Amino acid sequence: MPIQTSITTVAQASADAALLAVPFGEDLAPRVELPVPAAPLLEHYQAKGEAGEIVEVPVARGDAVGRVLLYGVGDGSATALRKAGAAVARRAKGRDALSVVLPEGARAAFVEGALLAAYTFRIGESGSGPVAAIEFASEDAEAEVARGQAIAGAVALARDLANTPSSEKNPEWLAERALEQLAEDGPQGRTSARVWDEDALRSGGFGGILAVGQGSVSPPRLIQLSYEPADAPERRARGERIGHYVLVGKGITYDTGGLSLKPTDNMKFMKTDMAGGAVVIAVLGALARLGAPVRVTGLIAAAENSFSGSAQRPGDVITQYGGRTVEVLNTDAEGRLVMADALAYADAELDPDLMVDIATLTGAIGIALGKGLGAVFASDDELAARLNEAGEASGERLWRMPLIDDYAPALESAVADLANIEAGSAYGAGSITAALFLREFTGKRPWAHLDIAGVGRSTADEGLLTKGATGFGVRLLLEWLTGR
Ligand code: BES
Ligand code: MN
Ligand code: ZN
């Protein structure tokens, strides 16, 4: 469900707010009378003012009791303010209204943190919802509040798509949601879309997407979403070259593993195996609202990896887009097969300046980097550096992993151009060999691959994250494409 908390921006916080959040150290006198002066109060609680810290004080509100939340802002950085915003919003859970005096500095980050912590996904009526309304108080903060709101809204969309059960979410459903998203186009850019159904995929030669999807009663789709800046026609008329970036997302709407069937404990989370595709859909939708100086094309390779009599078999040989043959040794290594088609298509047909893909590709990356760091593999140092910077700035951190050529022989096949996994165990490094597989389909273009299998899902409500899909990648990619 999109963010349910309604937002207003005002110059001054309401004087009678029942729940008022104020940064530490702020002079409270004009707003509220504390039962004890703030300084001894903070000292009493040994409050340090760290980001995420809250000192809660009851105050008289006429005949009723109100609360003031004195919140810490840490070093005042965007990261700290995101955390502060999340803590404040969590404390207001289930309440009708919260009034927040915004801190100095990165106010968009504070808003982003508050709204993401308030995100909820429930099917049914039970459970307490987030705070119903937040009033952000600050002079001249409309633009920053709007940016925080736009970014949080995009993350919420990616979470919603990934949290939706696969009884509802199939490739066709995902394509419909993608088109819907683009129809809600803002004033900042021009967008268009194209969807390949199974007939179009067949005549187009998308053998990887078809092979993965052939076991399912819900046929696969390839979804293309295009954005160009509003001023592109004028810039082109002036002879200016407009950069073109391609984003490719893994859109496996459910991953049973196929005939290489997953055990239940691994399978039960696999409705989120389209998290990368969800990120691409959400980013393309937000670009129309936030604006970006380059053209961006999003490709979502959508298929359901099912277990059935029509499913592909271990030992089958498939032909990827562009003609390369692949021996499928394990049908659970399906993400790379659908991604390879999309990357090869982008390389052959779209002439991008660079390509970035995002995928819940390997369980191994969660072992290597845990739940707090996404992986970036890149053929280009400059691109890796830019994405890393965007990761630090957005709070979605990346760690660069090696594309080591020594491991490339792991994917040799006796019968086809490539195998989809290593036949033996001489090399290991499952995330690296998966990335090396993808690299084969990127031509000579600057390319980066984000493996978000470790960070795509959270096991708890904590900080900005809510249990379930995280939307990891939306903030990072929007920062990279639209950040200043
Ligand atoms: N979707 C999975 C990867 C995954 C695992 C995502 C855990 C999120 C959490 C992917 O399709 C997969 O099954 N990968 C296999 C590759 C193996 C067969 C080489 C894996 O990681 O086990
Ligand atoms: Mn799989
Ligand atoms: Zn998968």
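Once a new chain begins, its residue numbering starts again from 1 and follows that chain's sequence as written. Chains and ligands are labelled by the order in which they are written, letters from A for the one and numbers from 1 for the other. In keeping with the predicted nature of the model, local features appear solely for residues at pLDDT of at least 70, side-chain atom pairs appear and are counted solely at 80 or more, and the whole-chain, interface and lining totals rest on all residues. Hydrogen atoms and water are omitted, and side-chain values are computed over all heavy atoms in the structure.

Some details on the pattern of salt bridges
So the rule is basically this: Any carboxyl oxygen of Asp or Glu within 4 Å of a side-chain nitrogen of Lys or Arg constitutes a salt bridge here. Secondary structure is summarised from DSSP: a helix means a run of H or I of at least four residues, a strand means a run of E of at least two, and numbering begins at the N terminus for each. Burial status follows relative accessibility: with a 1.4 Å probe on protein chains alone, a residue under 20% of its type maximum counts as buried, one over 50% as exposed, and anything between as partly exposed.
By the definition in use, this model includes 29 salt bridges. In this structure, Arg-177 and Glu-180 form a salt bridge, with 2.8 Å as the shortest nitrogen-oxygen distance. Of this pair, Arg-177 and Glu-180 both sit in helix 5 (residues 171-183), three residues apart, roughly one helical turn. Taking relative accessible area as the criterion, Glu-180 reaches 40% and is therefore assigned partly exposed. When the shortest N-O distance is used, the salt bridge between Arg-241 and Asp-353 registers 2.8 Å. Pair noted here: Arg-241 is in the loop between helix 8 (232-237) and strand 9 (244-255) and Asp-353 is in the loop between helix 11 (335-350) and strand 13 (354-359), with a separation of 112 residues, a long-range link. For Arg-241, a relative accessible area of 58% translates into the label exposed. On the accessibility criterion, Asp-353 (28% relative accessible area) is partly exposed.

Here we look at the environment of Ala-311
Quick note on the threshold: Note on contacts: a residue pair qualifies if any of its non-hydrogen atoms lie within 4.5 Å across the two residues.
For Ala-311, the location among the structural elements is in the loop between strand 10 (295-305) and strand 11 (317-319). Residues Ala-311 and Phe-472, spaced 161 residues apart in sequence, show a C-alpha to C-alpha distance of 30 Å. Leave out the neighbours within four places in its chain, and Ala-311 touches Gln-214, Gly-215, Leu-259 and Ser-306.

Describing the nonpolar core
To keep things clear, this is the line we draw: In this text, buried Ala, Val, Leu, Ile, Met, Phe, Trp, Tyr and Cys residues form a nonpolar core when linked through side-chain atoms within 4.5 Å. These domain boundaries are the output of an automatic or database domain assignment.
If you look at the biggest cluster of nonpolar residues, it comprises 83 residues, and the most contacted ones within it are Phe-136, Val-356 and Trp-480. A domain split of this core shows at least three residues from each of domain 1 (6-138) and domain 2 (151-481). In this structure, Trp-480 is in contact with Tyr-245, Leu-247, Leu-354, Val-356, Leu-383, Arg-386, Leu-387 and Ala-390, ignoring residues within four places of it in sequence. Counting 47 residues, the second largest nonpolar core, distinct from the first, contains Leu-299, Val-328, Ile-432 and Ala-434.

Focus: the UniProt feature "binding site: Mn(2+) 2" (unreviewed entry) in the protein chain
What counts, and what does not: UniProt positions are given in the numbering used here, feature names are shortened, and annotations may be inferred rather than shown by experiment.
Within this structure's numbering, the places UniProt gives as "binding site: Mn(2+) 2" (unreviewed entry) are Lys-250, Asp-255, Asp-273 and Glu-334. Considering the C-alpha atoms alone, the annotated residues occupy 85 residues of sequence yet fold into one spot, their largest mutual distance being 11.3 Å. Position of Asp-255 relative to the elements: it lies in strand 9. If sequence neighbours within four positions are ignored, Asp-255 has contacts with Lys-262, Met-267, Met-270, Asp-273, Asn-305, Asp-332 and Glu-334.

Digging into the coordination of the zinc ion (ligand 3)
To be explicit about the condition: Atoms are scored as donors when they are N, O or S and lie within 2.8 Å of the metal, with 3.2 Å used for Na, K and Ca; no water is included, so coordination may look incomplete. By the criteria applied here, four donors are tetrahedral when all angles lie between 85 and 135 degrees, four are square planar and six octahedral when opposite donors are over 155 degrees apart and every other angle lies between 65 and 115, and any other arrangement is irregular.
Summarising the metal site, the zinc ion (ligand 3) is bound by the protein donors Lys-250 (NZ), Asp-255 (OD), Asp-273 (OD) and Glu-334 (OE), whose distances to it range over 2.0 to 2.4 Å. Each of the six donor atoms bound to the zinc ion (ligand 3) contributes to angles spanning 77 to 174 degrees, and the resulting shape is octahedral. Counting the intervening residues between successive donors of the zinc ion (ligand 3) yields the motif K-x4-D-x17-D-x60-E. For the pair the zinc ion (ligand 3) and the manganese ion (ligand 2), the metal-to-metal distance amounts to 3.1 Å, and Asp-255 bridges them. Separated by 84 residues along the polypeptide, Lys-250 in strand 9 and Glu-334 in the loop between strand 12 (325-327) and helix 11 bring together distant segments of the chain. Here Glu-334 falls in the buried class, since its relative accessible area comes to 1%.

Considering the sheet that holds strand 16 (residues 418-419)
Our working definition: At least two DSSP bridges between two strands are needed for those strands to be called paired.
Strand order in this open sheet of three strands is 11-12-16, and the pairing throughout is mixed. Each edge of the sheet is formed by a strand with only one pairing partner; in this case those strands are strand 11 and strand 16. Bridge count between strand 11 and strand 12: three bridges; the pairing is antiparallel. Residue Ile-318 lies in a different strand from strand 12, and its bridge partner there is Val-326.

Structural notes on the coordination of the manganese ion (ligand 2)
Coordination sphere of the manganese ion (ligand 2), protein contribution only: Asp-255 (OD), Asp-332 (O), Asp-332 (OD) and Glu-334 (OE), at 2.1 to 2.2 Å. Each of the six donor atoms around the manganese ion (ligand 2) contributes to a set of angles spanning 70 to 167 degrees, which defines the coordination as irregular. Here the donor residues of the manganese ion (ligand 2) are spaced in sequence according to D-x76-D-x1-E. Assessed through its relative accessible area of 22%, Asp-332 is described here as partly exposed.

Brief notes about the domain arrangement of the protein chain
Worth spelling out the cut-off: Polar contacts, as counted here, are pairs of nitrogen or oxygen atoms within 3.5 Å of one another; within protein the pair requires one atom able to donate a hydrogen and one able to accept it, and residues that are adjacent in sequence qualify only if both atoms are side-chain atoms.
Domain boundaries assigned for the protein chain yield domain 1 (6-138) and domain 2 (151-481). Here the C-alpha centroids of domain 1 and domain 2 sit 37 Å apart. Listed as interface residues are 14 residues of domain 1 and, on the opposing side, 20 residues of domain 2. Here domain 1 and domain 2 share one salt bridge between them. In this structure, Arg-475 and Glu-112 form a salt bridge, with 3.3 Å as the shortest nitrogen-oxygen distance. Our count for the domain 1 to domain 2 interface comes out at eight residue pairs in polar contact (both at pLDDT 80 or more).

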